[in-house]
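Reading the structure
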Amino acid sequence: MIFRRLTEAGWTGGLFGIVRILDRTALDRLNHIYTGQRRILVRSLMPIVGSLAVAEDLAQETYLKVRSALAQTQIQHLEPFVFRTARNLALDHLRRERRQGAVLRQGEDHDDLAHVAADTPSPEAEVGDRQLLDRLEQVMSRLTPRQRRVMVACRLEGRSYAEVASDLGVSTSTVQKDLKDAMAACLGSFTRGGR
């Protein structure tokens, strides 16, 4: 039907041209999501990997992986897919780090391990993390109850918009709007320094 309408409108690109248009639309969606959510994506990876540089690298790798997936299949819920892909890449990174660490430690003498830094964060990092959590709690307390539920369900539990909409008895567009508003409030709080 779409092909017939395009042909009637004078389209001469054939079926391959239509596929290119659809791919371009998906790529535009990905670019829009990635540029709009990149900071949040990096911030969500930081606690997992513990390094801004690694989080930035993983965000870039996420873009490439999702772009590759879009070339092979259609993805309906692209934004959650991006965040889930990033989280999976971060967990894969941690597994690789642990495996490499285990291999390196096999050849070490146990006396040498006493000079290795602890895995626990420094007191300064703990204070900074606590302050970030306090700011997040303040922002979350200013959200409506439904926005809080949507934020937790979509971002922390990784549930789809459709699942959350069904549970709350609202439309998926309402869930998307609530999540967008909640994310904007959080981002605004962190970019303004919590004011």
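These figures come from a predicted structure and were not determined experimentally.

Cut-offs and rules
- Residues numbered from 1 in each chain as written.
- Predicted model: local features only at pLDDT ≥ 70, side-chain atom pairs only at ≥ 80, totals over all residues.
- Heavy atoms only, no water.
- Helix = DSSP H or I, 4+ residues; strand = E, 2+ residues; numbered from the N terminus.
- Expected span 1.5 Å × (residues − 1).
- Buried < 20%, exposed > 50% of the residue type's maximum accessible area, 1.4 Å probe, protein only.
- Salt bridge = Lys/Arg side-chain N within 4 Å of Asp/Glu carboxyl O.
- Phe/Tyr/Trp six-rings, centres within 6.5 Å; stacked < 30°, edge-to-face > 60°.
- Lys NZ or Arg CZ within 6 Å of the ring centre and 35° of its normal.
- Core = buried A, V, L, I, M, F, W, Y, C linked by side-chain atoms within 4.5 Å.
- Contact = heavy atoms within 4.5 Å.
- 1 Å grid on protein atoms, 1.4 Å probe; cavity = no way out; pocket = protein on both sides within 12 Å on 5 of 7 lines; lining within 4 Å.
- Points joined across faces, edges and corners; volume = space filled by probe spheres on them.
- Nonpolar A, V, L, I, M, F, W, Y, C, P; charged D, E, K, R; others polar.

1. Some remarks on helix α9 (residues 172–191)
The first and last C-alpha atoms of α9 sit 28 Å apart over 20 residues, in line with the 28 Å expected at 1.5 Å per residue. Listing the buried residues of α9 in full gives Val175, Asp178, Leu179, Ala182, Met183, Cys186, Gly188, Ser189 and Phe190.

2. Notes on the pattern of salt bridges
Following the criterion strictly, the structure yields 9 salt bridges and no others. We note a salt bridge from Arg155 to Glu79, for which the minimum N-O separation is 2.4 Å. Taken together, the residues span a long stretch of sequence, with Arg155 in helix α7 (residues 145–156) and Glu79 in helix α4 (residues 78–106) at a distance of 76 residues. Across the pair, Glu79 and Arg155 agree in class, each one buried. Across the pair Lys177 and Asp181 runs a salt bridge whose closest N-O atoms are separated by 2.8 Å. In this pair, Lys177 and Asp181 both sit in helix α9, 4 residues apart, roughly one turn of the helix. For Lys177, a relative accessible area of 48% corresponds to the partly exposed category. Under the relative-accessibility criterion, Asp181 is labelled partly exposed at 25%. Here the salt bridges do not stand alone but share partners, grouping Arg130, Asp134 and Glu137 into one network.

3. Examining the packing of aromatic side chains
Following the criterion strictly, the structure yields 1 aromatic pair and no others. Taking the centre distance of 5.0 Å and the plane angle of 55 degrees together, the rings of Tyr34 and Tyr63 count as tilted. Here Tyr63 lies in helix α3 (residues 52–72) and Tyr34 lies in helix α2 (residues 14–49), a separation of 29 residues in the sequence. Neither residue differs from the other here; Tyr34 and Tyr63 are each classed as buried. Over the face of the ring belonging to Phe83 we find Arg155, whose NZ or CZ atom lies 4.2 Å from the ring centre.

4. What about the nonpolar core?
In this structure, Leu30, Leu41 and Leu78 are the most contacted members of the largest nonpolar core, which totals 40 residues. Elements represented by at least two residues in this core include exactly α2, α3, α4, α6 (123–142), α7, α8 (161–168) and α9. In terms of residue count, the dominant contributor to this core is α2 (10 residues). In this view, Leu30 contacts Tyr63, Val66, Arg67, Leu70, Leu78 and Val82; residues no more than four positions away in its chain are not counted.

5. Things to note about the layout of surface pockets
Taken as a whole, the largest pocket holds about 1,300 Å³ of empty space. For the largest pocket, the lining is made up of 32 residues, of which Ile40, Arg43, Ser44, Pro47 and Leu156 are closest to its centre. In terms of residues, the lining of the largest pocket owes the most to one element, α2, which gives 8 residues. Partitioned by chemical class, the residues of the lining of the largest pocket number 21 nonpolar, 3 polar and 8 charged.

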